[in-house]
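# Descriptive analysis of the structure
What follows is each chain in one-letter form.
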Amino acid sequence: MSDVLCDFCQRTWTHEIAMVEGHQGSCICGRCLDVAWSAVVEGGLDDSVKDWKCTMCLEHREDPCYRSPAHEEAFICRRCIRVSAQALRKDDTDWNAPGPVRRS
Ligand SMILES: [Zn+2]
Ligand SMILES: [Zn+2]
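As the structure is a computational prediction, the values presented were derived from the model and not from experiment.

### Overview of the coordination of the zinc ion (ligand 2)
Ligation of the zinc ion (ligand 2) by protein atoms is provided by Cys54 (SG), Cys57 (SG), Cys77 (SG) and Cys80 (SG), these donors lying 2.2 to 2.3 Å from the ion. The coordination sphere of the zinc ion (ligand 2) comprises four donor atoms, whose angles at the metal cover 102 to 119°; the geometry is tetrahedral. One chain supplies every donor for the zinc ion (ligand 2), spaced along it as C-x2-C-x19-C-x2-C. Here Cys54 matches Cys57 in class, with each residue buried.

### Some points on the coordination of the zinc ion (ligand 1)
Coordination of the zinc ion (ligand 1) by the protein comes from Cys6 (SG), Cys9 (SG), Cys29 (SG) and Cys32 (SG), over a distance range of 2.3 Å. One can describe the donor arrangement at the zinc ion (ligand 1) as tetrahedral, given that its four donor atoms subtend angles of 103 to 115° at the metal. In the primary structure, the donors to the zinc ion (ligand 1) are separated according to the pattern C-x2-C-x19-C-x2-C. Assessed through its relative accessible area of 0%, Cys6 is described here as buried.

Procedures and definitions
- Residues numbered from 1 in each chain as written.
- Chains lettered and ligands numbered in written order.
- Predicted model: local features only at pLDDT ≥ 70, side-chain atom pairs only at ≥ 80, totals over all residues.
- Heavy atoms only, no water.
- Donors = N, O, S within 2.8 Å, 3.2 Å for Na, K, Ca; no water.
- Tetrahedral: all angles 85-135°; square planar, octahedral: opposite > 155°, others 65-115°.
- Buried < 20%, exposed > 50% of the residue type's maximum accessible area, 1.4 Å probe, protein only.

By themselves these figures say nothing about function.
Next up, the structure:
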């Protein structure tokens with residue numbers, strides 16, 4: 001499991017950090033998901049550029065997305081942020097998942 005990296009910060013997966021897997025082995029760690037959640041879901045940020053593709057679902061969406069500041073090829077769409085946050089909440093971790101979905 002040491003070869004699992006977060007696509008957004010390149011952190012290696014350890015037991016302390018929750019990770020969510022997307023398609024084709026792409027991963028986002030709980031910390032990046034937290035940042036993405038506050039930016040896109042709570043802050044209404046949209047990092048989309050022309051022809052961006054979500055690293056997690058491999059789709060281009062009309063959704064706003066979060067782009068990793070450190071690894072500019074890594075994007076996550078709002079839908080995947082929500083799905084991933086939900087997956088982590090169900091997970092048996094003590095990680096503090098981002099709060100409940102609020103209407104913007
Ligand atoms: Zn990360
Ligand atoms: Zn996506």
